[in-house]
Each structure stands twice: as structure tokens, then as C-alpha cells.
Amino acid sequence: MEVKQAIQKRHSVRHFTDQKIDSKQLKEMIGIAQKAPSWVNSQPQKVYVAQGETLEAIRKQQQELTITGAKTNSDIPPMSRKLWSEQAQKNMAEWSHGIPAVLGDNWQET
Ligand SMILES: Cc1cc2nc3c(=O)[nH]c(=O)nc-3n(C[C@H](O)[C@H](O)[C@H](O)COP(=O)(O)O)c2cc1C
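Values in this document were obtained by computation on a predicted structure and should not be read as measured data.

A closer look at the overall build of the protein
- From N to C terminus, the protein includes five helices and zero strands.
- Along the chain direction, N to C, the helices and strands of the protein fall in the order α-α-α-α-α.
- Rg of the C-alpha trace for the protein: 18 Å, well past the compact-globule value of 13 Å for 110 residues, more than 25% over.
- Across its three principal directions, the C-alpha atoms of the protein cover 40 × 35 × 30 Å.
- Counting all 110 residues of the protein, 4% fall into the buried class.
- With an accessible surface of roughly 11,200 Å², the protein has 55% of that area assigned to carbon and sulfur atoms.
- Here the protein holds 15 positive side-chain charges and 12 negative ones, and the gap between their average locations is 5 Å.

Next comes the structure, spelled out in C-alpha cells:
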């Protein structure tokens, strides 16, 4: 695939199937992702691969933390949306309208 085509076809994925992925393929994808640039080439990311029961346990725990409104543990403190530019706030407000459909009323903008 050409770089231009890869960029044009790229999109965020938020729905997943339960299709198994071969570990060789997974390792190859992680290897490719490691080529991503990082701040001062710090490469701070750690990659963990979880499958099966472990993945299910993580999924359940994350759902619970989201529902109970647990404090997040971000690497970089998130900047309150109120401090973003007017245009950015308008964009976020416009594109966030689907969130309550997924999380119900148990969420708030930071
Ligand atoms: C630095 C960065 C941070 C992002 N943070 C989030 C996030 O916190 N939550 C989220 O749902 N998507 C996040 N995204 C994905 C964007 O919302 C997504 O790229 C945007 O909606 C455009 O959709 P597309 O990637 O399909 O073109 C982030 C993307 C980038 C580049």
C-alpha cells in the first residue's frame, strides 16, 4: 500500500470482532508501531498483549472504573476542555454528541 493511500484510508476503529489474531501477526504489527516518532525520541511506551481471560478481566475492570467515575491515570495531565481554543471547543462539542449513547449519563467533560 502506498503511503498516500494508507493516510487517506486511515481511520479510528471503535468496534471490534472476536476474531482471533495470530501472535506472529500481532508481533509484526507491534514492531511496525514501534517505528512511530516520540517526544525527544523518548519511546516511553510499553506494549502489553492480553488475550482470553486476561483481556476479559481488564475489559470488565475498565468498564467498572468508567461507570464509577474513577480518577484516570494519564501519562500527561489532560488539559481541561475549557482551556482549548473556541474553535476546538466547538469541534469537540459537535463531535461528542454520541458519547452519552455509549456511556449513559455517567460521564463528564474534563
Ligand atoms: C493525540 C490524539 C489523541 C486522541 N485522543 C482520543 C481520545 O481521548 N478519545 C477518543 O475517542 N479518540 C481520541 N483520538 C482519536 C480522534 O478522536 C480521531 O482521530 C478523530 O475522531 C478523527 O477520526 P478518524 O481517526 O477516524 O479520522 C485521539 C487522536 C489523537 C491523534
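A short note on the site of the ligand
- Taken together, Arg10, His11, Ser12 and Arg14 are the residues near the ligand.
- Take Arg10: an N or O atom from its side chain is 2.7 Å from an oxygen atom of the ligand.
- Arg14 is positioned such that a nitrogen or oxygen atom in its side chain is 2.5 Å from an oxygen atom of the ligand.
- A total of 620 Å² of accessible area belongs to the ligand in isolation, and the protein chains cover 24% of it.
- Across the shell around the ligand, the residue classes tally to no nonpolar, two polar and two charged.

Some details on helix H3 (residues 52-67)
- Between its first and last C-alpha atoms H3 spans 23 Å; for 16 residues at 1.5 Å apiece the expected length is 22 Å, and the two agree.
- Directly beyond the C-terminal end of H3, a positive phi value near 70° is found at Gly69.

Quick look at the pattern of salt bridges
- Inspection of the entire model under this criterion finds one salt bridge.
- Glu56 is paired through a salt bridge with Arg59; the nearest N and O atoms lie 2.7 Å apart. Here the residue Glu56 and the residue Arg59 both occupy positions in helix H3, the gap between them amounting to three residues, near one helical turn.
- For Glu56, a relative accessible area of 34% puts it in the partly exposed group.
- Relative accessible area serves as the criterion here: at 42%, Arg59 is assigned to the partly exposed category.

A short note on unusual backbone geometry
- At Val40, a position not held by glycine, the phi torsion is positive, near 50°.
- Here Val40 shows up in the loop between helix H2 (23-33) and H3.
- Since its relative accessible area comes to 73%, Val40 is described here as exposed.
- Despite not being glycine, Gln43 shows a phi value in the positive range, around 45°.
- Along the chain, the position of Gln43 falls in the loop between H2 and H3.

What counts, and where the lines are drawn
Residues numbered from 1 in each chain as written. Predicted model: local features only at pLDDT ≥ 70, side-chain atom pairs only at ≥ 80, totals over all residues. Heavy atoms only, no water. Helix = DSSP H or I, 4+ residues; strand = E, 2+ residues; numbered from the N terminus. Rg over C-alpha atoms; globule rule 2.2 N^0.38 Å. Buried < 20%, exposed > 50% of the residue type's maximum accessible area, 1.4 Å probe, protein only. Areas by Shrake-Rupley, 256 points an atom, 1.4 Å probe, with all protein chains shown as cover. Lys, Arg positive; Asp, Glu negative; His and termini not counted. Charge placed at Lys NZ, Arg CZ, Asp CG, Glu CD. Near = heavy atom within 4 Å. Polar contact = N/O pair within 3.5 Å; in protein donor to acceptor, adjacent residues only side chain to side chain. Nonpolar A, V, L, I, M, F, W, Y, C, P; charged D, E, K, R; others polar. Expected span 1.5 Å × (residues − 1). Salt bridge = Lys/Arg side-chain N within 4 Å of Asp/Glu carboxyl O.

Everything listed here is a matter of geometry and, on its own, says nothing about what the molecule does.
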